[in-house]
Structures are given as structure tokens and as C-alpha cells.
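Listed below are the residues making up each chain.
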6 protein chains.
Amino acid sequence: MFYTDGKLQFPVRVEKPNPAFARALQQAIGGVEGEIRVCLQYMFQAFGARGPAKYRDMLLNTATEELGHIEMLSTAVALNLENAPLSFKEDMAADPVGGAVLNGTDFRHILSTGLAALPSDANGVPFDASHVYASGNLAADMYANVTAESSGRVLAVRLYNMTDDPGMKEMLSFLIARDTMHQQQWLAAIEDMGGEASLPIPNSFPQEQEQQQFSYAYFGHMTDGSIPEGRWTSGPTMDGKSEFQAMPSKPMGDKPTLAPARPDSGAQVEQTSRSGTGGMMGRVEGAIERNLLS
Amino acid sequence: MFYTDGKLQFPVRVEKPNPAFARALQQAIGGVEGEIRVCLQYMFQAFGARGPAKYRDMLLNTATEELGHIEMLSTAVALNLENAPLSFKEDMAADPVGGAVLNGTDFRHILSTGLAALPSDANGVPFDASHVYASGNLAADMYANVTAESSGRVLAVRLYNMTDDPGMKEMLSFLIARDTMHQQQWLAAIEDMGGEASLPIPNSFPQEQEQQQFSYAYFGHMTDGSIPEGRWTSGPTMDGKSEFQAMPSKPMGDKPTLAPARPDSGAQVEQTSRSGTGGMMGRVEGAIERNLLS
Amino acid sequence: MFYTDGKLQFPVRVEKPNPAFARALQQAIGGVEGEIRVCLQYMFQAFGARGPAKYRDMLLNTATEELGHIEMLSTAVALNLENAPLSFKEDMAADPVGGAVLNGTDFRHILSTGLAALPSDANGVPFDASHVYASGNLAADMYANVTAESSGRVLAVRLYNMTDDPGMKEMLSFLIARDTMHQQQWLAAIEDMGGEASLPIPNSFPQEQEQQQFSYAYFGHMTDGSIPEGRWTSGPTMDGKSEFQAMPSKPMGDKPTLAPARPDSGAQVEQTSRSGTGGMMGRVEGAIERNLLS
Amino acid sequence: MFYTDGKLQFPVRVEKPNPAFARALQQAIGGVEGEIRVCLQYMFQAFGARGPAKYRDMLLNTATEELGHIEMLSTAVALNLENAPLSFKEDMAADPVGGAVLNGTDFRHILSTGLAALPSDANGVPFDASHVYASGNLAADMYANVTAESSGRVLAVRLYNMTDDPGMKEMLSFLIARDTMHQQQWLAAIEDMGGEASLPIPNSFPQEQEQQQFSYAYFGHMTDGSIPEGRWTSGPTMDGKSEFQAMPSKPMGDKPTLAPARPDSGAQVEQTSRSGTGGMMGRVEGAIERNLLS
Amino acid sequence: MFYTDGKLQFPVRVEKPNPAFARALQQAIGGVEGEIRVCLQYMFQAFGARGPAKYRDMLLNTATEELGHIEMLSTAVALNLENAPLSFKEDMAADPVGGAVLNGTDFRHILSTGLAALPSDANGVPFDASHVYASGNLAADMYANVTAESSGRVLAVRLYNMTDDPGMKEMLSFLIARDTMHQQQWLAAIEDMGGEASLPIPNSFPQEQEQQQFSYAYFGHMTDGSIPEGRWTSGPTMDGKSEFQAMPSKPMGDKPTLAPARPDSGAQVEQTSRSGTGGMMGRVEGAIERNLLS
Amino acid sequence: MFYTDGKLQFPVRVEKPNPAFARALQQAIGGVEGEIRVCLQYMFQAFGARGPAKYRDMLLNTATEELGHIEMLSTAVALNLENAPLSFKEDMAADPVGGAVLNGTDFRHILSTGLAALPSDANGVPFDASHVYASGNLAADMYANVTAESSGRVLAVRLYNMTDDPGMKEMLSFLIARDTMHQQQWLAAIEDMGGEASLPIPNSFPQEQEQQQFSYAYFGHMTDGSIPEGRWTSGPTMDGKSEFQAMPSKPMGDKPTLAPARPDSGAQVEQTSRSGTGGMMGRVEGAIERNLLS
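From a predicted model like this one, the values you see are computed outputs, not experimental measurements.

Participant: In this structure, what is going on with helix H2 (residues 35–47) of chain C? I would like to understand it.
Facilitator: Along an α-helix, a turn takes 3.6 residues, which lines up residues three or four apart on a common side. With 13 residues, H2(C) extends 18 Å from end C-alpha to end C-alpha; this agrees with the ideal 18 Å at 1.5 Å per step. Within H2(C), 13 of the 13 residues are buried, which leaves the element mostly enclosed by the surrounding structure.

In C-alpha cells form, the structure reads like this:
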């Protein structure tokens, strides 16, 4: 269970409120790169963690930190909305042509929250918890977390560059630092779990059951047969188990053929037979053309 | 632009159609771990790629491969639905008590598609493109791609373990192999882009502008002051720039105080003053208590 | 900011794991009546609270309690999934016809989380934060909270009635008690804020600016002119300001008439004039027929 | 079944069309506080109403009124869009710097509807019917309806304050009056259904089956042990059955412990045991520590 | 504005309640092929109709009919849920192995509505109003309506085939008849608006401004150069203005080249130049290779 | 499977980048009228096509073309974002009052993609695959495709009218031409499948099983008994099978009556009986009053 002291992890100051920046900050609250997402993600990973208890504890701990980031950013949004115009008349006072302030505002900050934050992104799209990646595989989850903190730090840097407000820059410089740490933390957890020994994820599946001739091959799909070269087309693989190779992709299966529609399935009458192609049962034939690639 | 030959990259065979497995396969088509997602993700990363052209080409190439995986899995769903019961009466024929087959079916396979795949997940939730991560930062995107292929391979392994159909196992063993390669490929691309030199992401932000005393510190939020230990609490950081440390988290800011509600903002009259707390302007005070942590 | 001790607010025991009940419990986690919703709702109401500080504190405090309920329910889901079948073969072992267990399972519990909770409802629809009602009007929010705890308790009671597991019944009897309190708490807060003096919400709008002849009238829309009678058609109004009356609804406006489509607006040519109705400018005429109701 | 006369319930006039206000009005059509929501909410509550028929009739009647509000507001949006610029060139004519009008417009009003209303909110997010609360418990539903009309009236007041157009103010003053009535109506229905006797909702669950020691206790989660005081911490409860009390929240359960991951569940190998914590079966232990609170 | 008489347009009888069929019926209420969609679609098309008034009237009239279909189907769902089991114990009574009834149920019918309809589809996905197509172009809208009634009738036929209940078959045979009429109605409206003269939609755009050499050409994208033949590759076009032709698709543009990332845009340092490709400004070159196709 | 050459189907040039137009173009990528939708729609129709193989081939071929349109438009968005301001300071440089450029921008183009396209619409709402109509009935699907290309061409024309950039006009004139062709193509496919013989859709359901007295009747729901006249109220029906007629709609069913709530269903106690209306079992009575309409 959880506790609070009602205080902010780091001070939140706004010198010159800017309703458009309030809108931008929403991305860091309710966007896919935002804090609600990482908070719930680490929380659900912790709640479902199976295996050594330390990973659960570590996840839960950082989830708890992220709650405070939602709090900081929501406070920042509210403070940026102090003095926002509530009517077109007020807006006109700032700009005779009009539109300078209100046009940049998330209207729901005025209409739906009374000058406070929403759990939505910079376009007003509500956060949706399908972005909470908690796969039950801790290594996959750690990579998901590195990703979240990478796109999170990219976002925080863009917000930092967007504003000139010293208070906002200070707050963001703290959040950027925390994103730095969290990138490191999840990469450290991957090393803690065995590093390259954790690959391929999941490492509990016997690799001899996969079609191993395709396990380390970069497939080319260019019509001219060319293949973009890089670290991924030659040299040892990242898990140290094989060599990368480049391979043009060719179809090993035939054109798929489904059975005609059944008369009681709501299709058109014309679909109930396969005129010109015979009436054989629906199935897709095709021997694996292994020699095609040898 | 794109081309097709109408054939399958790998043969798709179903020996014993199973409508419940058709439902399970939907997760690999329209789920967040699925093929529509990776296909569009690599495509949008390619379309927006700035910098060296080879990354764009590599991404576009693999996006094109993933299109063929959507095709394979959609074919697999349709073939698993051949012979599915279309009515409660048919269902009863298989099981006198009833429900053995129909209950396990995605009803929309019967009602909405006429026994074919949906661009939805195993619960019928439609794919939503907010899961297409394309941040404009190639390193962040590569980690997103490792994540996608990790959760994708976890899913494919679970589907492999769920079924006994030899054709389905064969198809999945191919997709598992491709997921192995794609994990390797994106990790190789990270190395290609500088490996640890790419950290922290984005590496274009001057780290002296972040609050560096918090950049490599694991914060503890446990009420008893304990901190879960691991690779993330001591030793050199993953980017080689510092040492991990453990640090109890303490509030550096005060309780936030917002201005009272404005009379024309749709609040209650009672909110327009701050009875008992004085009438000071809305702002959040708090010097950064650096000494708190020294 | 927030803290945790990693323990459960109330013990969570499952005597006989039941994957179908795990699915049902999801409604209490990620459903619109669920705990993620109330937790975020109280949190965002607190973060944006303007006016007396005590309401902010009260909200934040209860938001923090609700975090622990998400934790309890997520644990309950994971425990109900222990021993769930991972394959059709395993499922067959329990029931020769098959389908008895797997058909009732949320497939994503097997495929996406590895036997753990999702932030989704009982149908697998992810929680979406548009359900976080935080209007900036504390009285409106208190009613939203009464609503949330009412539908929440209704749900908890239905879950209690659904299961026979003593551990689950015990946990639910605790959550039901908390919902009882929370209903009371928000009603108490309404009284604390003035009770009927808080009506109509918002109470900051001068009622003489509304069309007061319609402010306490129940409109009838039945074609036979009948009006369903009850406390809402006669007697003093709930705010003590007037008397309820019943009034048949009649149109006070005319049929609306929009301007023809502009030639460059992507309409059909036929829409660019109003054949048969003249070419007058788009507007909707209609004097307010006050006498109609006198 | 339903009928129409094609006329407006109340006249809709726009003296000076304003495309930005058209965007704002969308919140009242397709927003969570809007008319589509209340209309469908009352309709589904009516369609599923069990018990005395008068509640069904009352609900259906008001649902029918709300249909006319969608019509009025959609007309208002279309009229506010007359004369909106369709191109950047037209926009420039109004403001040499540009952006004054188009920037404030919902682009889909130009691109998707040809200058007419959308069933979406002020940010263009489409209405989603998960907001239709119809719980099957009439008292819970009545509170949901009070909430909807409270946030609806708050929104209408904000729109009224935002605009200077006399026609729009007149229309909104009518809608505000109707929201006043509808707040009264649902509160009256609660009284009609027994008032405080309807508490706790649902009142059909025997309260002796809930953990009654927690039924009227406000839990404190502040780390310093303080508890925010108010009507909710002392005095008789709102249902007249008990006394409020304040109680610090303490964990009654232990840390949860899940079983190790199963080898065939797609986890990492490392998760299949609980190193350092022994190999006991997954379960959460913990006697209810009642004495903790005595 | 609207009126009701509270009666059903057509009788709704259920002889043998079936909770699984209640779930199936949800698709016809809240599915993309369902009645909420057509109702709101015709309503919004009417509210925004510009041009001759008769189309607005016709649309509004049928929208009003569809309201009654939502009512009928919601009633059918509630009646199919009478006697549904509310607990696993009840379910066991019907089937010793268990799962026969509950597994096929939408759990939210038990947990969220108390045995009544939801505004959701057969998988519990809530209706979302982005499916309300109202483009401001009446001809486009009429085709959208033909589509809606076509998929609606396909769905109704599948439901008819799924059930054996005489009451349900009778109700569906009525809805199927109405879908027949509505298909005819919208096609008649297209003829009323000029039939093939309405093509291409919109017919207000001067066709000499489109790249007319591609206006009637079916493009082939098969790698072997083959083109699927049919009515669409030869013969007069459907608007009578030209002849269909088959044409292999070839790229007329080059590979796109974007400018390098700006240093302050949150990208990686490596993206800020285009190593190996020179440093030219971001743009996509390419003369239109008209001769390529001549 | 699929292939690419990395080139653009048609050149994409932007002479004067305009971030607001980048936002507008998003509608054509991720909007419901956009290219992701048609691409996936034709693809899923192809993957599930039952019946003559030529329709599958034709669909797959055009799906492949649409992939290239996503690519073109995404490139157009990125090019329109070159030179977009990344901060409020930069924005001020263009307009002393501020807001001229940034206010019109999709902030996520700056914050989330680093100046590249999103798979979202002009309001930032992500594409959601529920818009992929693939019904398993080819005739229904062809009408869905005519609809998609009609609203798609309406959108493209509006974008063409919005911009003055010669490069953008050229690109759009190509896409408009392709939409012209695709409208023709799907209409041709309907003719290929039998034209009016394909009606009503599905044509596999025996019409004698529908309530044929209502199959060709336009229902009037106006309270004054008037019925909007047109091609749909008289003359031969579009399928040549009957004559249109106009018919006032009257209720054939009674008021629906559901059973009282069950005591264990979470309702209020008051709902468990039907006071005043007797205690009869839940059902809806009503003989079909055929004579009512004769």
C-alpha cells in the first residue's frame, strides 16, 4: 500500500504562465511518452512479477517515484494556466486581431477542468492503458522500460528547448536527470539478469524448435535485390551465437486459397463457389522450399 | 512504393481448424505485440528518418517483410475458422451441454467478418495506431523495436505452446525465428549507432544542463528507508560516465498551492477564496533544498 | 510525493484459483467502475483543487488509499491464474469435450501478461483516462465521486455474489466496506460545502441569467401528452428555491435552415443552392414564443 | 419508438459566426459532459430499467428531450462555421500575419464535415459510449445523472462566459436552465426512491457481510500520521447508521508472493525460481491483524 | 425536437432466454454495423445538411426510426438475460463440468448492467462515434449509408441464422426487411441526386485539375507484371466519361530525402548530418516522368 | 508477401513549408477518410476473400498501391515541417504578438515525432482499425470501398483548395485522380458481381423469410403525419423487384416490461418488485398488429 506527504519531489515554479505551454506539458502527463504510462507500467510489472523478489521491489519503488512526477507536472500545468483568458473578449485584449492566446490553448483546460491538468496528451487524447506493457517476461519488460525512458527523455528535452521560463527549465532539468538514471537503471537490470544471456527473449524457449536457418538472417525485400548493409548483415550476432547474414526474401508459400463461402454465412451467392478455380476444399498448400535458399 | 506477388512468405497449414485458436492468433495480428504494429512502426520510422540514409532503408525493408507476416497470420485465422459453427444448434452437435466451441469463439469472426481475420486483438479490441512509436530519435526507436520484437517473440512462443496443430507450430517456429533475428537486428543497429555512446538518449542534449546530482541515483521510496539493491545501486553506470548510488527520496518542494478559483470559471463560490490559508497568489514556493541530500 | 511499504492493505487469499473469476475481477481494476479510475480521479481532482486546502488534502489521501486497492486486486487476479491451462491440451484434461476452462479465460492473461493482471476491464478493453472526472468544480466532482463509489460498490457486491472462494469473499467484504465509507465521505463533503446551498452546480452563476421559466419544469415528450409523475413534477424543489411543475415540451424554434454549400467546400454541385426553398442566407429564425407556455 | 417534428426546441441564432466557438461548442455535443452522453445514458437506463415502471418512463422522457439538445447544438456549430475560411489565403485576408482564425478552428470542421458539427469533443476526440453509465441499480444511476448534469451545467456556464454573441448566450441560458432542472430532477428521484434509505448503494446487500469496522472510517495515508479533518471524520454518518471516525491506515496483509513463472509460460528462465526466497507455492499469507487497529 | 410513445416499433419476444445470444445481439446495438451508428450517422448528416431541404427531412425521419431499433434490440438483450446465472455455482447447476453458460456470457452483462444491454459490440468494445460518417457531401454520405445498411443486413442475417428462438427470428426478420428498404432508399437518393452525374464525388471539383491520365487506369503492383482483369480494366467507365485501362505502376518520384535533424530537435547527434549522402537541403526531387507511361 | 523499391509513386515537393498544412495533411494519413484505412481495408478484404480468386487479387493489388500513398503523404508532412519553430521564442520572431505559427501546429509534430508524420488524424486522434470494414460479403465491401474513396476524394479536394503550394497541389491532383479511378473501380466490381442482382445485400438470404410488407416502404416518423417525398417514396425499387411506398410508422409492439430485479443482482431493494404494475414475469407481450397497417 501507499503513503504520501502531500509535498512535491522537486519545486515547481512558473514565472510567466503560458497556456500553450500548459498544452505542451500535457504530453508528459498523458502522452504515450508520459508519466501516467511509466507509473502504471512499472506498477503492473511489479504486481505481476514472478521470480526473484528484488525485481518486484525495484519496480514498485520506481513506480512510486513516478507518481510524484505526475503530481509535479499537473501542478506545472495548473500554474501555467493562471491568468489564461476565459473568453474571446479577454483574448482580444492581448491581441487586436485575436487568437494569439486562445488559439494555442487546449480548450478543455478552460471548459472541462477549470484551469487544471487533464490525464490526456497535448492533443487532448486521453491516456489509454493499453500502453502499459507488462508482459510477464522481465527482460522484455526491461527493454520496454528503457524505451519508455528514452522517448520520455526525448520529450522532456524538447519541452526544455520549447520554453524560456526559468522555473520550467529547472523542473525539466530535474526530470531529464531522472530519465537519465532510469535509462541506466533498466539497462543495469538487463545486465543483472544475465545481459546477452537473456537473448533471445524469452530465453526459456528451446531455439532448436525455431526455424534456425532464418534466425540470424537479414531479409531483403528490395525489388532490385539490393540489401541495406550495416552491423546487421555481417559479423557476430549480438548474442554471440551465430553470424549475421544477408538473404533476399523469396516466397516459400503459394498463393493462399480459402474455402468458398458457406451458404449460411451472409456472403453473396457468387462467393459460394470458386468459379474457374475448381471446388477444392479450403487450404493453403506449399512444401517448404528449403532448397530455394540453399 | 510497394509491390506484391500474392504469395505467402512461408507456408500456412492448418490440420485441425480450431476457432478458439483463431481468436488467440488475433493477438499476433492486432494486439500491441502484433504485426500491424511493428509493420506500421518500422514504416513510420522510415518515412520520418532524418540522418544517414542507411537506417531509413533498413527500416523500410523490414517494414515490408512484416506486411507479409500480417498476411500469413490472417490466412491462419481464416483457415482455423473453416468449419466453425455458425449457430447454437451446430454448436450443440459437438457438445450436448453446449458451449464447447462457440463460447471460445470471437463472435465477430462469425458476425462481422464471415470467418476471417480482424485487425483486432484476442479480445476484439481494434488495433490503435498510438502504439506506433516513431520518435524522430533513431536510438529511442531502436529500443522501441527491440521491445516490440521481445514482446512479439514472447507472444509467438505462448501461441506455439498453446496449440498442437503441426501446421500452426511450423508457421510459428518460422515467426519465432524471425523475431530472434529482429531482436538481434535492432540491437546491432544500436551498436552501429555508437552503442553506449548513444546514451543517455537523446545524446544531443548537454548533460551539464540536467540536475546531475540525480542523474545516476536510484531513489528509495520505501517507508522504512530500505532500498532494493542490485546492479542499479552501485558500480559503474552503463554509459561508463559515473557510479550508481542509492539515495532515499525526500521532498525538495513544498505542498503546492494554486490560486483560488476565478469567479467566472465555473467553480463553486466556496472555491473563490482560500479560507484559513490566507489569500496569497497562487504559486508553489520552495528553494531547492540541496543540503537535504548532501 | 508518494511512498510505499510493499505490503497489502488487506490480505489477499485465493483458495481455489479460478481463471474465469480472474477475468471478472478485471472489471474492478480497469473497468469504468474500477480502482484505476477512482485513484486517478481523486488524484487529478486534488492536483487541480482551487479553494480551501482541506479538500485537496482529503482527496489526495483517499487517492493514495485507492492505489493500494489496485495492488490488492491485481494480486487477486494473479493468484486466480495460478494453475490456469496454457494450452488446449491441458484444457482437455479437465473436460473431455473441452472449453470448460479456457473458454472462460481472458486469453490475454495467458498471451500478454504471463498469468497476471491487465489494466483493462472484464472484456479486455483497456482503461481510458477520459473517465477521470475532475471538473474544477468541487461540488460536481463530489457527485462524480459518489457515483464512482456507488457503481463501484454495486460491482463489488456482484463479484462477491459470483464467487464461492472464502478468500475472495473476505477481500471483497473489505472493499465493499470501503466503498460504503467512500459514499459517505463524498456526501459528507457535499454537506461540508453547504449542502443544498451548493445547488445548482455551479452556484457561482447568477440564476437570473438563465431562462428561469424552465428551471424547475419537468418536460413531457410523450406523443399522447401524458407526463410520468413523481417527486419531480410537484412539491418544493430540492434546492428549496421553487416548486416543481410538469410542462409538455413544444418547439419554440423553427426548422433550422443552413446556408447552401459553398462551391469550394467539397460538396456536390446540387447542394450549392436550395432549390424550392429560395436562396436566403443561412440562419435559423424564430422568436421565443414565451406566450406558448403562459 | 420515436417521432420528430423537425423543429428546434429553442431558437438557435448566431449573430457573428465564430469558428473557434464552434470548436468550443463541440465539447457540449461529443464531450464527456455533453448531450450525446446524457441522451444515450438516460436511454440505456430506461431500456434496462427493472422495477417500478415510472422510473423507466421518466428516464425515457428526458432522454427524448436531450435528443433535441444535440440538434440545437449541432445547428449552433454549423451556424458558427458560416463564413469560416477554407484556405490559408482566405485566412490571411483577416490577419496579415496569419493564423488568427484558422489556428483556432477544428480542422475537421473544414476537412471532414464541410462546415458542420462532429460527434466529438472540443479536441476532436470522438464520443465513446463507455461513458454511458447504466448500472442496473437505479440509485447509482440517479447519482450518475446528477453528476452528468452538474458537469454539463458547469460546461454550459463556461461556454456562456466565453462568448459575447447574444444568440449564443440566449441558447445557452436555456440549456443552463434545463441543466438546473435536471439536477433537481435526479435528486428528486433519489428522494422518491427513499433518500438516505437508499444508502449504501446497493441497499440490497446485507451490511453484516461487509467488514463493518471499516465501513465508516476515514483512512489516513499521510506519512506524518496527520488526517485531514472535516465532516467526514466525526459526527453522524450521512445514512444515520453510525459515527464517522478517523483512522490511520496500516497494512493488514504481508508483501504478496506469487509462484515462480512456469517454464512454458514465456518468461525468462531466471523467473522460474525464486532464488533467495525459497520455492514455496505462490500465495499471499497474512492473518487479518485486527488488533493492529484496536 | 423529438417525441416518444414508449412503445416498441415491432414486438420483441424471447421464448428461451440465451445469454450468449444476448452477447451476439450487442453487435447490432453498439457494433460498427449496428443501430447506434446508423442512428447518429443519419442524425448528424441531417443536422449538417446544406442544399435542398428534402434530403435533410428524409435523413432526420429515418434517423428517428433507427432510435426505435436501438430500443428493440436493447429490450431483446435484456430479455435474453433473464435467468442468466449470476455465480459460478449457478452455472455449475446447468453443467457439472461448468462453463457452459457463463463462459459464453459478456461478463459486463452481469457485472456492469445488472442484466441489460450495453452500448458496446459483441466483444464489449464500446461504440465510438468516429464511425458516424457525415462528410458534408450528400452523395458520399448516401454511399456511406448504403454501406451501413449492407453490413447491417449481413449482420442481421447472421444473427437470424445463429438463433432458433422463434421470437428472435421474428424480430430479426423485421429488421432485415427494414435494412432491405434502407439499402433501396439510399440508392434511390443517389439516383434522385443525379445518379452517375454525381460521379466522381465530389462533382464540384473541375476534373481538368486532376492528373487525368491516371483517372481511369487500374494500376498493377504485381512483381511479375500481371494485372487482375475484370470490368475495371477495360470497357466504358461507370460515369460514362472514359474507358478503363490497365497500367503497370512505376515510380515517378525518387527516393525521398529529408533534411538532417536539427541539433535542438531531440534527435541523436548522428542524425544531424547525412554522412555519405552529402549535406544538401531536405527536399524530394523528381520531375514528373510523364513519358514513362506514354 | 511484399516488396519495395524505396521510391515515391509520384513526386512530393513542398515549395513553402507550412506546419499548419502538415497538420491538415494528417487527416489524409490517419483520418477515417485516410490512406492507412483504405490500405488496411483492402488488405483485410483480400486476406479474407472467399469465392472467385480475381476479387482477392484485385483487392490485394490496390491495397499495395495505397501503401505508397501513405508514404507520399508522410513525406509531405515531414517536408511541410522543415523550418517549423521549436520554441515560443522562435515563434515570436515571426509574429510579435506570437502564436501565428505554433498555435496552428500539431504539438506532437514537435514533441513526439521530431518533425515527421504521425499515424493520426488532423486532431491528433490515432488511427483505429475498427474502421477497416471487411465483412466477408464482397458486395457490402465494394460499397464500403466506394464510400471510402468518396470521402477520401472529398478530403483531397478540400486539402487542394486549402493550400497554395504548387508542389502540394500537384501531389494532391494525382491523389484526386487516383480516387476518381478507385470510385470507378469499386462500382465496376459491383457491376462485375451482378449489379442490381447483388441486391439486397446479402443476396444469399431468402427474401420470403423477411417481413416483406415492410421491405420497400419508407416509414414516416413526423408527428404531423407528413412524409418527405422523393425517388424513395414511389416508383419501381432499385432492385426492380417492387414499388416504393410511403407508410406512417406506428408501434406494433407494446411498452416493454422487464422482470423485476433479482435480489442478488446488485440492484436497489425497490427494484425487486414492480409496485403498481403487478408481479408478472418479465416479458414483452404484443401480437403483431398486421391489420394496423392494412
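Participant: Explanation requested: unusual backbone geometry in the structure shown.
Facilitator: For residues other than glycine, phi is negative in most cases, and the peptide bonds are mostly trans. Between Ile201(D) and the following residue, Pro202(D), the backbone shows a cis peptide bond with an omega angle of -5°. Relative to the helices and strands, Pro202(D) is located in the loop between helix H7 (166–192) and strand S2 (217–220). Look at Asn83(C): it is not a glycine, yet its phi comes out positive at around 80°. Among the secondary structure elements, Asn83(C) is positioned in the loop between helix H3 (53–81) and helix H4 (88–94). On the neighbour-count criterion, Asn83(C) (16 C-beta atoms within 10 Å) is partly exposed.

Participant: Got a minute to help me understand the UniProt feature "binding site: Ca(2+)" (unreviewed entry) in chain A in this structure?
Facilitator: Look at the UniProt record and you will see "binding site: Ca(2+)" (unreviewed entry) annotated at Asp57(A). Note that Asp57(A) resides in helix H3 (residues 53–81). Excluding residues that lie within four positions of it along the chain, Asp57(A) makes contacts with Pro228(B) and Gly6(C).

Participant: What's the story with the interface of chain B and chain A in this structure? I'm lost.
Facilitator: As a measure of interface size, the accessible area lost when the parts come together is often cited. Chain B puts 100 residues into the contact, and the matching count from chain A is 100 residues. Listing elements by their share of the side of chain B that touches chain A, those giving two or more residues are helix H3 (53–81), helix H6 (138–162), helix H7 (166–192) and strand S2 (217–220) of chain B. Ranked by residues supplied to the side of chain B that touches chain A, first place goes to H7(B) with 15 residues. Classifying every residue of the side of chain B that touches chain A gives 50 nonpolar, 32 polar and 18 charged.

Participant: Got a minute to help me understand the domain arrangement of chain A in this structure?
Facilitator: Its domain assignment divides chain A into domain 1 (19–197) and domain 2 (206–251). Relative placement of domain 1 of chain A and domain 2 of chain A: their C-alpha centres are 37 Å apart.

Participant: Mind showing me how you'd approach the relation of the copies chain C and chain F here?
Facilitator: Both copies of the chain are related by a screw-like operation: a rotation about an axis and a shift along it. When chain C is fitted onto chain F, the two copies agree to an RMSD of 0.0 Å after a turn of 180° and an axial shift of 0.0 Å. Such a turn and shift between the copies fits a two-fold axis. The position closest to the rotation axis in chain C is occupied by the C-alpha of Thr223(C), lying 4.0 Å away. Most of the interface of chain C is mirrored in chain F, where 100% of its interface residues are also at the interface.

Participant: Looking at this structure, how should I read helix H1 (residues 19–30) of chain B?
Facilitator: Across its twelve residues, H1(B) extends 17 Å between first and last C-alpha, which sits within 8% of the 16 Å expected from 1.5 Å per residue. Taking burial as the measure, the twelve residues of H1(B) include twelve buried ones, the bulk of the element. Turning to H1(B), its buried residues number three or more, namely Pro19(B), Ala20(B), Phe21(B), Ala22(B), Arg23(B), Ala24(B), Leu25(B), Gln26(B), Gln27(B), Ala28(B), Ile29(B) and Gly30(B). Check the buried side of H1(B) and you find it contacts helix H2 (35–47), H3, helix H5 (107–111), H6 and H7 of chain B together with helix H5 (107–111) of chain C.

Participant: Please clarify how the UniProt feature "binding site: Mn(2+) 1" (unreviewed entry) in chain A should be interpreted in this entry.
Facilitator: All names here are of chain A. UniProt annotation of "binding site: Mn(2+) 1" (unreviewed entry) refers to Glu-35, His-69, Glu-149 and His-182 when read in the numbering used here. These annotated residues cover 148 residues of sequence, but their C-alpha atoms sit close together, with the largest distance between any two at 13.1 Å. Residue position: Glu-35 is located in helix H2 (residues 35–47). When near neighbours in sequence (up to four residues on either side) are disregarded, Glu-35 contacts Ala-28, Ile-29, Glu-66, His-69, Ile-70 and Leu-73. Along the polypeptide, Glu-149 turns up in helix H6 (residues 138–162). Apart from the residues lying within four places of it in its own chain, the contact partners of Glu-149 are Asp-179, His-182, Gln-183 and Trp-186.

Participant: In this structure, what is going on with the interface of chain C and chain F? I would like to understand it.
Facilitator: Each partner contributes residues to the interface: chain C has seven residues there, and chain F has seven residues. A per-class count over the side of chain C that touches chain F returns two nonpolar, three polar and two charged.

Participant: Honestly, the confidence of the model for chain A in this entry has me stumped. Any pointers?
Facilitator: Low pLDDT means the predicted coordinates in that region are not meant to be read closely. Residue and element names in this part refer to chain A. On average, residues of chain A carry a pLDDT of 92, and 94% of them reach 70 or more. Within the model, pLDDT remains below 50 along residues 285–294, and this stretch shows 13 contacts once partners closer than five positions in the same chain are excluded. The ipTM, which scores confidence in the relative placement of chains, is 0.93 for this predicted complex, and the corresponding pTM is 0.95.

Participant: Is there a simple way to think about the environment of Gly30(B) in this case?
Facilitator: Mapping Gly30(B) onto the fold places it in helix H1. Once the C-alpha coordinates of Gly30(B) and Glu243(B) are considered, the two residues, 213 residues apart in sequence, prove to be 42 Å apart.

Parameters at a glance
Residues numbered from 1 in each chain as written. Chains lettered and ligands numbered in written order. Predicted model: local features only at pLDDT ≥ 70, side-chain atom pairs only at ≥ 80, totals over all residues. Helix = DSSP H or I, 4+ residues; strand = E, 2+ residues; numbered from the N terminus. Expected span 1.5 Å × (residues − 1). Buried ≥ 20, exposed ≤ 12 C-beta atoms within 10 Å, placed from the backbone. UniProt positions renumbered as here; feature names shortened; annotations may be inferred. Contact = placed C-beta atoms within 7 Å. Nonpolar A, V, L, I, M, F, W, Y, C, P; charged D, E, K, R; others polar. Domains from an automatic or database assignment. Least-squares fit on C-alpha atoms with pLDDT ≥ 70 in both. pLDDT = per-residue confidence, 0-100.

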